Amino acid sequence: MLTEIRRLITTHARPDLRTRIDGLLLSRVDSAAPDYSLTEPLLVVMAQGGKRLLLGDQVHEYRAGHYLLVTADLPVTGHYLDAPSSGVGLVLRPSAIAPLVLETPRTRVGAGPPAMATGVADVDLLDAVARLLRLLDHPADVPVLAPLVEREILWRVLTGPDGGVLRQIGLADSGLSHVNRAIRWLRDNYAEPVRVADLARLAGMSPSAFHRHFRAITAMSPVQFQKRIRLQEARSLLAARPGDVTGVGHLVGYDSPSQFNREYRRLFGEPPGRDAARLRADAVPDPRAGTAPHLP
């Protein structure tokens, strides 16, 4: 099954990851360089190679025949374990998941289930993924059959070991849905000063409950989360404006150039100016990969 999935990925993968099936993303990479990105909610099935992801202080690793489940917008650092690597991504939409949640037994996952999980893709899940990919060779069948196969894929995950994690996306009043309001605000307003009390109010929680849920879901505090988004956005801007380190730091919310330099180097391993020069020398095809659809 994986052999066929790899073949179909090679045939249909494009640089922008998109396919003719809405929400289906395909990725094939030949480089083992680390990447820094802001993910979106995705189910990723690894068909070849492997990857290690760092989320806060947590490490998640998955290889060919495994899946990665991401249920929130998260800033992650990824390291490919083998190259080439290829994978299939399916964007997770609450509107597709909510009706299925009503058909599944309620699963207890605690107040703040993590927003990232990995597991083994069983033969039924791999079979459904392969059938979805085959539709790319039959575009006339896509409008009718793709939604049905997507529904089956979601059902396989919902009824599997990590079903309790996925079902949070489909529940309007889950802890994840409340915390996601704050995550979206931080994503869209990363350069603005932030107060945890204001984020808690936005999430409809007490400050203590919000902080507990936020850390359980993202493996970071809200301040750490915002800092990671700021630095990843700064890296994207610096790839196009390598000579304006101070200006870029200010644009992403840093009043202190020395603090910006220090925290940038801590995350990326080099000071911003040197890192930007290296990015340009390496001719990174899409330096704004952190804001585009990306398979973590």
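What counts and what doesn't
Residues numbered from 1 in each chain as written. Predicted model: local features only at pLDDT ≥ 70, side-chain atom pairs only at ≥ 80, totals over all residues. Heavy atoms only, no water. Helix = DSSP H or I, 4+ residues; strand = E, 2+ residues; numbered from the N terminus. Contact = heavy atoms within 4.5 Å. Phe/Tyr/Trp six-rings, centres within 6.5 Å; stacked < 30°, edge-to-face > 60°. Buried < 20%, exposed > 50% of the residue type's maximum accessible area, 1.4 Å probe, protein only. Lys NZ or Arg CZ within 6 Å of the ring centre and 35° of its normal. Patch = residues over 30% accessible without salt bridge, like charges linked within 9 Å, V, L, I, M, F, W, Y side chains within 5 Å. Areas by Shrake-Rupley, 256 points an atom, 1.4 Å probe, with all protein chains shown as cover. Salt bridge = Lys/Arg side-chain N within 4 Å of Asp/Glu carboxyl O. Polar contact = N/O pair within 3.5 Å; in protein donor to acceptor, adjacent residues only side chain to side chain. Pairing = 2+ DSSP bridges.

A.B. asks: Got a minute to help me understand the side chain of Gln-226 in this structure?
C.D. replies: Within the secondary structure layout, Gln-226 lies in helix α9 (residues 222-240). With sequence-adjacent residues up to four places away left out, Gln-226 is seen in contact with Leu-186, Asn-189, Tyr-190, Glu-192 and Val-194.

A.B. asks: Would you explain the packing of aromatic side chains in this entry?
C.D. replies: Scanning the model with the defined rule gives five aromatic pairs in all. Between Phe-260 and Tyr-264 the ring centres are 5.8 Å apart and the planes differ by 70°, which places this aromatic pair in the edge-to-face class. In this pair, Phe-260 and Tyr-264 both sit in helix α11 (residues 257-268), four residues apart, roughly one turn of the helix. Judged by relative accessible area, which is 1%, Phe-260 ranks as buried. Taken together, the ring pairs in this structure connect Tyr-254, Phe-260, Tyr-264 and Phe-268 into an aromatic cluster. Seen from the ring of Tyr-254, Arg-230 lies directly overhead, with NZ or CZ sitting 5.8 Å from the centre.

A.B. asks: It is not clear to me how a nonpolar patch on the surface should be interpreted in this structure. Could you clarify?
C.D. replies: There is a patch of nonpolar side chains on the surface, built from Val-144, Leu-145 and Leu-148 and spanning about 270 Å² of accessible area. Topologically, Leu-148 is positioned in helix α4 (residues 142-158).

A.B. asks: How should the side chain of His-60 be read in this particular structure?
C.D. replies: Residue placement: His-60 occurs in strand β4 (residues 58-63). Look at His-60 and you get buried, because its relative accessible area is 12%. Among the polar contacts listed, one links the side chain of His-60 to the side chain of Gln-58, at a separation of 3.4 Å. With near-sequence residues (within four places) excluded, His-60 lies in contact with Lys-51, Arg-52, Leu-53, Met-116 and Thr-118.

A.B. asks: Even after reading the chapter, I still don't get the environment of Pro-84, so can you show me in this structure?
C.D. replies: Tracing the sequence through the fold places Pro-84 in strand β6 (residues 75-91). It is 31 Å that separates the C-alpha atoms of Pro-84 and Ala-140, two residues lying 56 residues apart in sequence. Not counting the four nearest positions on each side in its chain, Pro-84 is found in contact with Arg-28, Val-29, Asp-30, Gln-48 and Gly-49.

A.B. asks: Could you clarify how one ought to interpret the pairing of strand β2 (residues 35-38) in this entry?
C.D. replies: Remember that side chains alternate between the two faces of the sheet whenever the strand is regular. Here β2 shows no split at all, with Asp-35 and Ser-37 on one side and Tyr-36 and Leu-38 on the other all buried. Note: β2 against β6, four bridges, orientation antiparallel. Within the sheet, the bridge partner assigned to Leu-38 lies in β6 and is Pro-75.

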